[in-house]
Each structure stands twice: as structure tokens, then as C-alpha cells.
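Topology and contacts: notes
For reference, the chains in residue letters:
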Amino acid sequence: VVFSIGANDLEFGPVLGKCIKSVFDCFNGYETIPDPLAAGGTATIPDFVLRRRAKMPENYAKVAAWLTAAGVQPQRTYSLSYPDSTHLDAPGQEFCGTGPALMSNAEWEWMFHNVATPLDDNFRTASATHGWKYVDGAGEAFRAHGYCSAEPWITSLSDSFGEEIWTPAGAFHPNDRGYDWYRDAIYARMRADLYQGDTPRPAEGVQSGAPTTTSSA
């Protein structure tokens, strides 16, 4: 099993939509979002995100239980680190600024520290807790290829509406170049587990050497 999970639990899409549409910086308390977990039914963007971050360990424990119930062994489960779409490759400007995503530099920075980084940290911790093999490095690899970079590895809103699926649903996911990185990273991790040099490793739980036959009368 190869998977990444957590962004939808954080409700990344609705949060991102609010930040794109907000007149002021979305994290400053002026913007609210419907929140069934809040006492009044609405919450500021930071409170909305914090409530969902707090539930992530519980959600990952449920995923681990489902995998175990399905007979999937943890050592055969590969969890994928999340990409960082917030950075810009231009010298002197670390984070994206106001531009194609319609968010301010401060909003991009807030998304990095409060959404993207905690999401990846929680998934890394859950992987260690539940014995999943974490394929690390996406954040660092994508950092020079963020949404606003000259060579993005992230699908833009315009690409999602145009070349992709004619909805915003494809935006902020990796594009073809981004998925090329994931392909190579998954292959490298799996090959290291399956081979020692060019020699296949024995299956886990099976001793190497000549096969043996057992009989009983």
C-alpha cells in the first residue's frame, strides 16, 4: 500500500479557498468559516485548523486499524511526505507573494507554518507510531518548485481549469514533474527494501537458503 493522507482531514481545500477570497489576511481573525466542531458553529481560520490538527493522531490510528483489519502488514505500507507549495525560487523572496494564487506573502507564510509543516510532521509521526515506511523529502524537493516558482511542480488553478479536469479540484496537487519526483522516490525506497545491491532480499519471515520439505506420517 502506498498512500498519503491528512490534507482532507485538515480540510485544506476550504481553508485555502477562504484565504484566496479574503480581503484581509485570512489568519488575522476577521475571516470565519463554518465549523461543526466549534460551539457556535463557526470559527476563525486559525481555530478551525487547530481543531483539525488536534484530531489527526486519532484519525491516523483509525487508518492503521483499518489497514490491520484488511490484513495489510505495516512493513508493506509506504506513506508519502507532503510537498511544499508555498515557496518561491526568486532570490530575496522566500515565500510566494500576491500573484497567481491571489494570496499575500504573509498568508503563504502562515500556510507553511500552520498547515503544510504540521501536516507533514503529523504524518511522519504517525508513520513511526504505526510502523509505516515513510518516504521523506517531498517538502525539501518541492521547495524550489512551489506554486509561484518559475518551474512549478504544483498544479495551478489555471491548469486545473484548463488542461486538467475543468474544476479547481486538481489545483495545489503535484503536476507531472512533481509526480515524477514521487515516482523516483518511491522506487528508490522500495528497491532499497527489496534488493541488496543487485541481489533480491529474502521475503520477510522467510529464511534464505535452500528450500526444506517437512513431512509427517
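Scroll up a little and you will see the structure.
Now for a quick tour of the structure.

Here is what the cut-offs are and how they apply
Residues numbered from 1 in each chain as written. Predicted model: local features only at pLDDT ≥ 70, side-chain atom pairs only at ≥ 80, totals over all residues. Heavy atoms only, no water. Helix = DSSP H or I, 4+ residues; strand = E, 2+ residues; numbered from the N terminus. Buried < 20%, exposed > 50% of the residue type's maximum accessible area, 1.4 Å probe, protein only. Contact = heavy atoms within 4.5 Å. Pairing = 2+ DSSP bridges. Axes fitted to C-alpha atoms, helices over the stretch in contact; angles between N-to-C directions. Salt bridge = Lys/Arg side-chain N within 4 Å of Asp/Glu carboxyl O. Phe/Tyr/Trp six-rings, centres within 6.5 Å; stacked < 30°, edge-to-face > 60°. Disulfide = S-S within 2.5 Å.

Observations concerning the environment of Tyr 182
Note that Tyr 182 resides in helix α6 (residues 176–194). Using a relative accessible area of 8% as the deciding quantity, one classes Tyr 182 as buried. Residues Tyr 182 and Asp 136, spaced 46 residues apart in sequence, show a C-alpha to C-alpha distance of 9.9 Å. Setting aside residues up to four positions removed in sequence, Tyr 182 forms contacts with Leu 80, Ser 81, Tyr 82, Pro 83, Ala 138, Phe 142 and Pro 174.

Some thoughts on the sheet that holds strand β1 (residues 2–3)
The strand order β1-β4-β5 describes an open sheet built from three strands, whose pairing is parallel. Both outer strands of the open sheet, β1 and β5 (133–135), are each paired with one neighbouring strand and no more. Direction of pairing for strand β4 (residues 78–80) relative to β5: parallel, over a ladder of three bridges. By the bridge assignment, Tyr 78 is partnered in β5 with Lys 133. Lying over the sheet, helix α3 (residues 105–130) contacts β1, β4 and β5, oriented at roughly 150 degrees with respect to β5.

Some words on the pattern of salt bridges
All told, the structure shown has 14 salt bridges when counted by the stated rule. The shortest N-O distance in the salt bridge between Asp 121 and Arg 124 comes to 3.1 Å. Residue Asp 121 and its partner Arg 124 are both found in helix α3; the two are separated by three residues, about one turn of the helix. The class of Asp 121 is partly exposed, set by a relative accessible area of 37%.

Re the packing of aromatic side chains
Geometrically, a pair of aromatic rings is defined through the distance of the ring centres and the angle of the planes. Under the definition given, this model contains 18 aromatic pairs. Judged by centre distance (5.2 Å) and plane angle (80 degrees), the rings of Phe 3 and Trp 132 are edge-to-face. Of this pair, Phe 3 sits in strand β1 while Trp 132 is found in the loop between α3 and β5, placing the two residues 129 residues apart along the sequence. Here the two residues Phe 3 and Trp 132 agree in accessibility, since each one is buried. Centroid distance Phe 95 to Phe 112: 5.6 Å. Interplanar angle 55 degrees. Geometry classified as tilted. Of this pair, Phe 95 sits in the loop between β4 and α3 while Phe 112 sits in helix α3, and the two are 17 residues apart along the sequence. Residue Phe 95 shares its accessibility class with Phe 112, and that shared class is buried. Through a chain of ring-to-ring contacts, three or more aromatic side chains come together here, namely Phe 3, Tyr 60, Tyr 82, Phe 123, Trp 132 and Tyr 134.

Here we look at the state of the cysteines
One pass over the full model with this rule turns up one disulfide. Shown here is the disulfide that connects Cys 19 with Cys 26, its sulfur atoms set 2.0 Å apart. Looking along the S-S bond of the Cys 19-Cys 26 disulfide, the torsion reads about 75 degrees, which is the right-handed sense. In terms of burial, Cys 19 and Cys 26 fall into one category: buried.

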